[in-house]
Amino acid sequence: MSKFIDSRLGALEEYVPGEQPRDKKYIKLNTNEFPYPPAPGVIAAVSAAEVADLRLYSDPTCKALKEKLAARYEVTPENVFVGNGSDEVLNFAFAAYCRGGAAFPDISYGFYPVFAELYGIDSEIIPLNEDLSIDPAQYCSKGKAVVIANPNAPTGLCMPVGAIERIVKTNPDNVVIVDEAYVDFGGESATALTKKYENLLVVGTFSKSRALAGARVGFGIGDCALIRDLEKIKYCTNPYNINRLSLVAAEAALDARAYYDEKDALVAETREKAQADLRALGFAATESKANFIFAKHAKLPGAALYEALKARGILVRHFTVPRIRDWNRITVGTPEEMKTLIENIKEILNGLE
Ligand SMILES: *Cc1c(COP(=O)(O)O)cnc(C)c1O
């Protein structure tokens, strides 16, 4: 770092993304990417003509994409914000709504504490229950903003929408941010509640269930006043926040709902099978409703499993946070990839005896 950086920014602890190695070909089960390609219509939409149009700025209002998102979530385009990945939506929401403090779980998406620190926000870190579930009662009547991932990451555990509603209802003077990055794999969405409560912001993404992690498109759904807040921050930072190719890709993805519904269901089915296979090998695994499995084995420390799999060309995600360091988060790949994973884990376990 240079001597010129603002000392407060220089002292920030950065978010550490999962590895994106270029050295060799891994079976990549570490960053919750989709195992199947985007829908054929998406690939066709990113045409030579669209590439030629890159000389022009993108639509700062994201009009066409907002209209399609509004239709999909049964709201109006004024209820939709589009961000450069849901990370940008979360970033803006922390900037806008958390001045008076923010409450979120000790084990959740690792970006929340980073945004909190970036904006000098007081965080109240609420421990998960012993079984790694969220206790909704601990988020009621907080008197500060609440941030919850549902399903939560990296546990994959879901809260029913009724519990979300209780949290939203008992915090009428603060915004409740519900991050639904994984909802399409078996969770329950709270988007319908945004019509009833002015303090609920639901955040979604095209990165996980729509095979567009590299396109960087996320969205927020909420009361039109909340959306105007986020637009304000966007127009104060980067009005053309979504590039032209990502806009057409995301629009085409929404036109291909049947393709994604089928593939998301296949991922959920593959998850259930792999989860059962791991339990049969002696793993404890959470009841994940996301596109990853969260598992630990009594005889194999989390880091050891991570290293052994990496040596065999399989990448999973290991977190060094003390409370979950015995665990690994394993993205659900194709059935073939999961078969290879299970075979390798069997060999690693056999080698212990
Ligand atoms: C992956 C992830 C995101 C970020 O997604 P992008 O849209 O790719 O920025 C947000 N929240 C959670 C919980 C995630 O796991």
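About the cut-offs
- Every residue gets a number counted from 1 within its own chain, in the order that chain's sequence is written.
- Since the coordinates come from a predicted model, pLDDT governs what is reported: local features require at least 70, and pairs of side-chain atoms require 80 or more to be given and counted, while whole-chain, interface and lining totals use all residues.
- Values shown for side chains rest on all heavy atoms present in the structure; no hydrogens or waters enter the calculation.
- In this description a helix means any DSSP run of H or I spanning at least four residues, a strand means any run of E spanning at least two, and both kinds are numbered starting from the N terminus.
- A radius of gyration in this sense is built from C-alpha atoms; the matching globule rule multiplies 2.2 Å by the number of residues raised to 0.38.
- Throughout, exposure labels follow a simple rule: accessible area from a 1.4 Å probe, protein chains only, divided by the maximum for the residue type, with under 20% read as buried, over 50% as exposed, and the rest as partly exposed.
- Computed by Shrake-Rupley with a 1.4 Å probe, the accessible areas treat only the displayed protein chains as cover when residues are assessed.
- Here the rule is simple: two strands pair whenever DSSP picks up at least two bridges between them.
- What counts as an axis is a line fitted to C-alpha atoms, over the stretch in contact for a helix, and the angles between N-to-C directions run from 0 to 180 degrees.
- Residue contacts are counted whenever heavy atoms from the two residues lie within 4.5 Å of one another.
- Nearness of a residue to a molecule or strand requires only that one of the residue's heavy atoms be within 4 Å of it.
- Any pair of nitrogen or oxygen atoms within 3.5 Å is treated as a polar contact; in protein, a donor-acceptor pairing is required on top of that, and neighbouring residues in sequence qualify only through side-chain atoms on both sides.
- The split into domains, and so the bounds of each, comes from an automatic or database assignment of domains.
- As used here, buried area is the combined drop in accessible area, with a 1.4 Å probe, of two parts when they are placed together.

(A) Representation of the overall build of the protein within the structure. In terms of helices and strands, the protein carries twelve helices and twelve strands. Whereas a compact globule of 353 residues would reach a radius of gyration of roughly 20 Å, the protein reaches 20 Å, a difference of no more than 12%. Oriented by its inertia axes, the alpha-carbon framework of the protein measures out at about 60 × 50 × 50 Å. Counting across all 353 residues of the protein, residues that qualify as buried make up 52%. Carbon and sulfur atoms make up 54% of the accessible area of the protein, which amounts to about 16000 Å² in all.

(B) Up close: the sheet that holds strand β5 (residues 145-149). Spatially, seven strands are ordered β2-β8-β7-β6-β5-β3-β4 in an open sheet, and the strand pairing comes out mixed. The two strands at the open ends of the sheet, each matched to only one other strand, are β2 (80-83) and β4 (123-126). Shown here is a sheet whose adjacent strand axes are inclined to one another by a mean of 20°, direction ignored. Here helix α5 (residues 85-97) sits on the sheet in contact with β2, β3 (102-105), β5, β6 (176-179), β7 (200-205) and β8 (218-222), set at roughly 160° to β7.

(C) Just the environment of Val 202, in detail. Topologically, Val 202 is positioned in strand β7. Judged by relative accessible area, Val 202 falls into the buried class, the value being 3%. The spatial distance from the C-alpha of Val 202 to the C-alpha of Ile 314 is 33 Å, given a sequence separation of 112 residues. Excluding residues that lie within four positions of it along the chain, Val 202 makes contacts with Val 178, Glu 180, Ala 190, Thr 191, Thr 194, Phe 219, Gly 220 and Ile 221.

(D) Just the pairing of β8, in detail. With five of five residues buried, β8 lies mostly within the body of the structure. What you see with β8 is no split at all: Gly 218, Gly 220 and Gly 222 on one side and Phe 219 and Ile 221 on the other are buried throughout. Two strands pair when backbone bridges link them, and β2 and β8 are joined in this way by four bridges, in the antiparallel orientation. Residue pairing in the sheet places Gly 83 in a bridge with Gly 218 of β8. Alignment of β7 against β8, held across five bridges, turns out to be antiparallel. In the sheet register, Gly 204 faces β8, and the bridge partner there is Phe 219.

(E) Representation of the site of the ligand within the structure. Residues in close proximity to the ligand include Gly 85, Ser 86, Asp 87, Tyr 109, Asp 179, Ala 181, Tyr 182, Thr 205, Ser 207, Lys 208 and Arg 216, which together make up its full environment. One of the backbone N or O atoms of Ser 86 is found 2.6 Å from an oxygen atom in the ligand. Within the side chain of Ser 207, an N or O atom sits 2.6 Å from an oxygen atom of the ligand. Coverage of the ligand by the protein chains reaches 93% of its 380 Å² of free accessible surface.

(F) Geometry of the domain arrangement of the protein. Segmenting the protein into domains produces domain 1 (18-37 + 258-350) and domain 2 (40-255). Computed from C-alpha coordinates alone, the two centres of domain 1 and domain 2 are separated by 25 Å. In this assembly, 26 residues from domain 1 lie in contact with 28 residues from domain 2. Both faces combined, the contact of domain 1 with domain 2 buries some 2000 Å², and carbon together with sulfur accounts for 65% of it. Among the residues of domain 1 in contact with domain 2, Tyr 260, Lys 289 and Arg 323 are the three that bury the most area, contributing 34% of the side total.

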